[in-house]
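The residues making up each chain are set out below.
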Amino acid sequence: MEQEKEKKDKKPAVKAAGFEMKLRKAAGFLSVLVGTLLALYIGVWKMIIKPLAKLYVVYRAGQLTILFLIVTVIKCWLSLTVVGLIWSIGYMIKCMLD
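The structure contained in this document is the topic of the report that follows. None of these values were measured; they are calculated from a predicted model. Residue numbers run consecutively from 1 along every chain, following the written order of its sequence. Per-residue local features of the predicted model are confined to residues with pLDDT of at least 70, and side-chain atom pairs are confined, for both listing and counting, to 80 or more; whole-chain, interface and lining totals are unaffected and use all residues. Side-chain measures were taken over the full set of non-hydrogen atoms in the model, leaving aside hydrogen atoms and water.

### Quick word on the overall build of the protein chain
- By the criteria applied, helices consist of DSSP H or I runs no shorter than four residues and strands consist of E runs no shorter than two, each listed in order from the N terminus. Tallying secondary structure elements over the protein chain gives 2 helices and 0 strands in all.
- Between buried and exposed lies partly exposed: a residue is buried under 20% and exposed over 50% of the maximum accessible area for its type, with that area taken using a 1.4 Å probe on protein chains only. A total of 98 residues make up the protein chain; the buried ones form 15% of that total.
- At a minimum sequence separation of 6, the contacts of the protein chain that also span at least 24 residues come to 80%. Residue contacts are defined here by distance: any two heavy atoms, one from each residue, within 4.5 Å place the two residues in contact.

What follows is the structure, given as structure tokens:
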């Protein structure tokens, strides 16, 4: 009889642990998703697309200088590092939650 009582007491604890694990998995997935979206927005849109669009406008206006071209290439190159950093932070949060 005592064994049955112990089994009944353990079931809610097991269910709570399972729910907590699912919640952690969901939070980990959300952190990777947010990290990916932020990486795409900041790294790709802000640091690659906008400078390249500005480079095109300056070129079409006939005011392109070598300095402007070098700065744009450096911005685009560094954006890849920023993309990786932002995504890695989201992934590290997921790993800590798992």
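### Things to note about the side chain of Ser79
- Looking at the secondary structure, you find Ser79 in helix 2 (residues 66-97).
- Classification of Ser79 as buried rests on a relative accessible area of 0%.
- Discounting chain neighbours no more than four positions away, the residues touching Ser79 are Gly43, Met47 and Ile48.

### Overview of the environment of Lys75
- By the secondary structure assignment, Lys75 is in helix 2.
- Sequence separation between Lys75 and Lys46 is 29 residues; the distance between their C-alpha atoms is 9.9 Å.
- Those residues in contact with Lys75 that sit more than four places away from it in its chain are Met47 and Pro51.

### Focus on the pattern of salt bridges
- The term salt bridge refers to a pairing of a side-chain nitrogen on Lys or Arg with a carboxyl oxygen on Asp or Glu at a separation within 4 Å. According to the stated counting rule, one finds 1 salt bridge in the structure shown.
- Where Arg24 meets Glu20, a salt bridge forms, and the shortest distance between an N and an O atom there is 3.6 Å. With a gap of 4 residues between them, Arg24 and Glu20 both fall in helix 1 (residues 2-61), about one helical turn apart.
- Classification of Arg24 by relative accessible area gives partly exposed; the value is 34%.
- According to the relative accessible area criterion, Glu20 is partly exposed, its value standing at 46%.

### Things to note about helix 2
- To estimate how far a helix should extend, the number of its residues minus one is multiplied by 1.5 Å. Counted at 1.5 Å a residue, the expected span for helix 2 with its 32 residues is 46 Å, and the 47 Å between its end C-alpha atoms agrees.
- Every buried residue of helix 2 is accounted for by Thr72, Cys76, Ser79, Ile86 and Gly90.

### Notes on the side chain of Thr72
- Assignment of secondary structure puts Thr72 in helix 2.
- By relative accessible area, Thr72 is classed as buried at 4%.
- Not counting chain neighbours up to four residues away, the residues in contact with Thr72 comprise Pro51, Leu52 and Leu55.

### Regarding the environment of Ala27
- By the element assignment, Ala27 lies in helix 1.
- Sequence separation of Ala27 and Leu97 is 70 residues, and the distance between their C-alpha atoms is 7.5 Å.

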